[in-house]
Amino acid sequence: MPENATEVTAAGIARLAGVGRAAVSNWRRRHADFPQPVGGTETSPSFALSEVERWLRDQGKLVEVPLRERVWQQLAGHPAGAVTALVHVGCALLVADRSPRAWREITGVSDTRMAGVLSLALDDALTGRFGPAGNGRAVRTPDRDELLPSVPLLRGAAELAAETGARETYEFLLGRQLDANPRQYTLTPPGLAELMAALAGADHPDVRTVLDPATGTGALLVAAPCATALHGQESDPDLAALTALRLALRTAPAECTLDVRTGDTLRTDAFPRLAADAVLCHPPFNERNWGHDELAYDPRWEYGFPARTESELAWVQHALARLRDGGTAVLLMPPAAASRRSGRRIRADLLRRGALRAVIALPAGAAPPYGIPLHLWVLRKPGADPHPTPELLLVDTAEPAEQSADRGGRDRPDWPALRRAVLDAWQTYDGQREEPDADGQREQAADGHREAPGASRIVPVIELLDDDVDLAPARHLPSPAATGGPAELAGVRERLTRTLQLASGLTPPPPALATPAHRPLTTIGELARAGALQLRHGGTGTGEGPVLTEHDVLAATAPSGSLPAEGTPEEPVLVAPGDVVVPVLGGVTVVRVVDEATAGAALGRNLQLLRPDPAVLDPWFLAGFLRGTTNNRQASSHASTATRLDARRLQLPRLPLAEQQRYGERFRALAAFEDALRLAGRLGGQLVQGLYDGLTDGTVTPE
């Protein structure tokens, strides 16, 4: 085997062949000629990619490796690591995209020669895009010896870019790397990044200079497409390089200048004289070692020296220090930063001087850590206006109780609705601040809007300047459950009464006893091989449209996910009426038969789809037998942390279609009864909590 050959794990082999990891384990046990491990560990061995491809082809299990999959496997198995390989790919794509003719000349030589020539070409390209090396430039020019192991990968990546585009190729590979290492990176979801950019005005042509002082993977700078100058700083050199290349492949040099630096922003600020139009920042939370001891006399602490436990308030003041007068900063903050006593003096001064304009509470699940409802702080650097802003906008985007109940407690935000709610509140507030009347006094908006009950409120600063200076929106807004009052609760009660009546009518009759029958059985795998049904797996594809997620299936709710808009184009699996969808993970089988309302949604991750031939199989018959407890146990395997269902091992009896339809009608009735019980439980919980809230806040009397 050649030195530094690309290696692939069992999971990679499964992806190449389109099978589960259990199948790869079976091949290793049953086939003596299966390639031997060349690396890894005893529990997680790795194999030479070229040997694996050869074996799969010889066995008829692989006709052709898709180019995108080959490139990813080469990147993931790179001897210097996937991050180094991804940096090399980004550099090469930058050359190939900007100078296609030069790239053809570079690739028309041997691998060794190409590595040397490419190093020189990269130095010119990187200097032209990011400036001369040194001074913390994020992307260092790799030399010939560093590039040599990457040459086959770079040839493949350029070939893929010729088909799909350089930006799309890099976004696909970067996305795969981030997905494969979720605990290594703190990500800012695209929906949240777009919302933060909109709040800062960074999606408007008038906002030209944007800074992210804790750039991470660059999501916030990507969300500012109209900027003509993007500045970023990141303490992790690998992330800084990946972000710089990501931005370089998305922007043209004539349209946007880039300056991404490596370094600790608070200790070693790379842009001390910058006056940005907007600052976007997702800072690290709860940092104790942020420079408290050595930065005591830093001029950035205009609003007070942050305590050791208040690293987030250091980031807030850094953002304000790097804004021009009147510029806007939006920071993602932990909720504790709005109420910790150690930060109350800084919060008070931010309010008095009009720097803090809004605190927006996001729903849990908006960004990592996903179990915590994070906040957005919107700040504006005080300018020539001698009168500080006398009010603060508080927004709470927690979903109303009824909406949450209907969704089954889904823990991921509805980004379009969340964006509308936040921007409507902010634009109403910010618009009335910008237009003084004839006497120079600011008046409220013409429609008299001051607050949306339970969702937003414009609070006079004087009300907040108490001993705690607690800025948590929930502290100053009535709960959504209480704002509807008795009339809303009466409506919930009516819905509950109707649902209980429906459930009563759907209650199954007493079961008829019968002697257990010994019927011939078949498996899903046998039916798939016979063409009686198709078996598909979800989780791939880009484009537009809703996605049926694992949570939607478990909670029996409408499709709530969305496809990624960017990346290498790949057709998603779209569900159709009569399809049977089964989650891959979990200890109990939950089955969903797709109806007309759900049809057309893409199949999400960790879901498998069974599409029966209606001339052979009744979908409700299929779904009903898949719900059997014994069936589920026989088809499940156990990993260290989860139970995995292999749908191919699920069994059902061989019955004529007419007999299947008799069973199917009964299973359909059971499903309707189950849906009614689920809805009744949600409405009952909503009614009970609403009555508790009404009785405690005085909107409902004991009578």
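Residues numbered from 1 in each chain as written. Predicted model: local features only at pLDDT ≥ 70, side-chain atom pairs only at ≥ 80, totals over all residues. Heavy atoms only, no water.

Q: Break down the nonpolar core for me, with residues and values.
A: Ranked by size, the top nonpolar core spans 95 residues in total, and within it L199, V210 and L376 carry the most contacts. The element contributing the most residues to this core is helix α5 (residues 82-98), with 12 residues. Ignoring sequence-local partners within four residues, the contact set of V210 consists of A202, L221, A224, A227, A229, L230, H231, A278 and L280. With 41 residues, the next largest nonpolar core counts L211, L266, V279 and L464 among its residues. (Core = buried A, V, L, I, M, F, W, Y, C linked by side-chain atoms within 4.5 Å. Buried < 20%, exposed > 50% of the residue type's maximum accessible area, 1.4 Å probe, protein only. Helix = DSSP H or I, 4+ residues; strand = E, 2+ residues; numbered from the N terminus. Contact = heavy atoms within 4.5 Å.)

Q: I'd like a rundown of α5, residues and numbers included.
A: Taking 1.5 Å of rise per residue, the 17 residues of α5 would be expected to cover 24 Å, and the 24 Å separating its terminal C-alpha atoms lies within 8% of that figure. Within α5, 14 of the 17 residues are buried, which leaves it mostly tucked inside the rest of the structure. (Expected span 1.5 Å × (residues − 1).)

Q: Tell me about the sheet that holds strand β16 (residues 546-548), residues and numbers included.
A: Judged by pairing direction, the sheet is mixed, and its three strands sit side by side in the order β17-β16-β20 without closing on themselves. Of all strands in the sheet, those with a lone pairing partner are β17 (561-562) and β20 (602-603), marking the two edges. As defined by bridge partners, β16 adjoins β20 across two bridges and the pair is classed as parallel. The residue bridging L548 from the neighbouring strand is L603, located in β20. (Pairing = 2+ DSSP bridges.)

Q: How would you explain the side chain of K381 if you had to name every residue and give the values?
A: As for its placement among the helices and strands, K381 is situated in the loop between β10 (375-380) and β11 (391-396). Although K381 is buried, it forms no salt bridge, and the closest oppositely charged side chain is D325 at an N-O distance of 4.5 Å. At a separation of 3.1 Å, a polar atom in the side chain of K381 contacts the main-chain carbonyl oxygen of L323. Look past the residues within four positions of K381 in its chain and what remains in contact with it is L320, A321, L323, R324, D325, G326 and G327. (Lys, Arg positive; Asp, Glu negative; His and termini not counted. Salt bridge = Lys/Arg side-chain N within 4 Å of Asp/Glu carboxyl O. Polar contact = N/O pair within 3.5 Å; in protein donor to acceptor, adjacent residues only side chain to side chain.)

Q: Talk me through the layout of surface pockets; I want residue IDs and the actual numbers.
A: Empty space within the second largest pocket amounts to approximately 750 Å³. Along the wall of the second largest pocket there are 29 residues; nearest its centre are A556, A671, E674, D675 and R678. Secondary-structure elements contributing two or more residues to the lining of the second largest pocket are α23 (550-555), β19 (592-593), α24 (619-626) and α26 (657-697). Among the elements that take part in the lining of the second largest pocket, α26 stands out by supplying eight residues, more than any other. Within the lining of the second largest pocket, the residues separate by chemical class into 17 nonpolar, four polar and eight charged. (1 Å grid on protein atoms, 1.4 Å probe; cavity = no way out; pocket = protein on both sides within 12 Å on 5 of 7 lines; lining within 4 Å. Points joined across faces, edges and corners; volume = space filled by probe spheres on them. Nonpolar A, V, L, I, M, F, W, Y, C, P; charged D, E, K, R; others polar.)

Q: Which residues make up the pairing of strand β9 (residues 356-361), and what values go with them?
A: Judged by how many residues are buried, β9 sits mostly within the fold: six of six residues are covered. Bridging between β9 and β11 involves four bridges; their strand directions are parallel. Each residue of the ladder has a partner; that of A358, found in β11, is L393.

Q: Summarise the sheet that holds strand β3 (residues 45-48); cite the residues concerned and give the values.
A: Spatially, β1-β3-β2 is the arrangement adopted by the three strands of the open sheet, whose pairing is antiparallel. With partners counted over all chains shown, the strands left at the sheet margins are β1 (7-9) and β2 (39-40), one partner each. As paired strands, β2 and β3 are joined by two bridges and run antiparallel to one another. By the bridge assignment for β3, G40 is matched with P45.

Q: Could you give me a rundown of the packing of aromatic side chains, with the residues and numbers involved?
A: For the coordinates displayed, the defined rule picks out 11 aromatic pairs. Ring centres 5.6 Å apart and planes at 80° place the aromatic pair F625 and F667 in the edge-to-face group. Note that F625 is positioned in helix α24 and F667 in helix α26, a separation of 42 residues in sequence. An aromatic cluster is built from W27, F34, F47 and W55, whose rings are joined through pairwise contacts. Here the guanidinium or amino end of R68 rests over the ring plane of F172, the centre of that ring lying 4.1 Å away. (Phe/Tyr/Trp six-rings, centres within 6.5 Å; stacked < 30°, edge-to-face > 60°. Lys NZ or Arg CZ within 6 Å of the ring centre and 35° of its normal.)

Q: Which residues make up α24, and what values go with them?
A: Summarising burial for α24: eight of the eight residues are buried, a large majority. All buried positions along α24 are accounted for by P619, W620, F621, L622, A623, G624, F625 and L626. You can read the cap of α24 off the contacts: a side-chain oxygen lies 3.1 Å from the backbone nitrogen of W620, and it is on D618.

Q: Quick one: what's the story with the packing of helix α6 (residues 100-107) against helix α7 (residues 111-130), residue by residue and with numbers?
A: One can describe the packing of α6 onto α7 by two numbers: an axis separation of 9 Å at closest approach and a directional angle of 155°. Between α6 and α7, the angle is such that the two are roughly antiparallel. Along its contact with α6, which presents W103, I106 and T107, the element α7 presents M114, V117, L118 and A121. (Axes fitted to C-alpha atoms, helices over the stretch in contact; angles between N-to-C directions. Parallel < 35°, antiparallel > 145°, perpendicular 65-115°, else oblique.)

Q: Summarise the environment of W620; cite the residues concerned and give the values.
A: Here W620 is to be found in helix α24. By relative accessible area, W620 is classed as buried at 17%. With near-sequence residues (within four places) excluded, W620 lies in contact with V593, G664, F667, R668 and A671.

Q: Please set out the environment of R344 residue by residue, giving values where relevant.
A: Turning to its location among the elements, R344 is positioned in helix α15 (residues 344-352). Considering only alpha carbons, one finds R344 and D466, 122 residues apart in sequence, at a separation of 9.3 Å.

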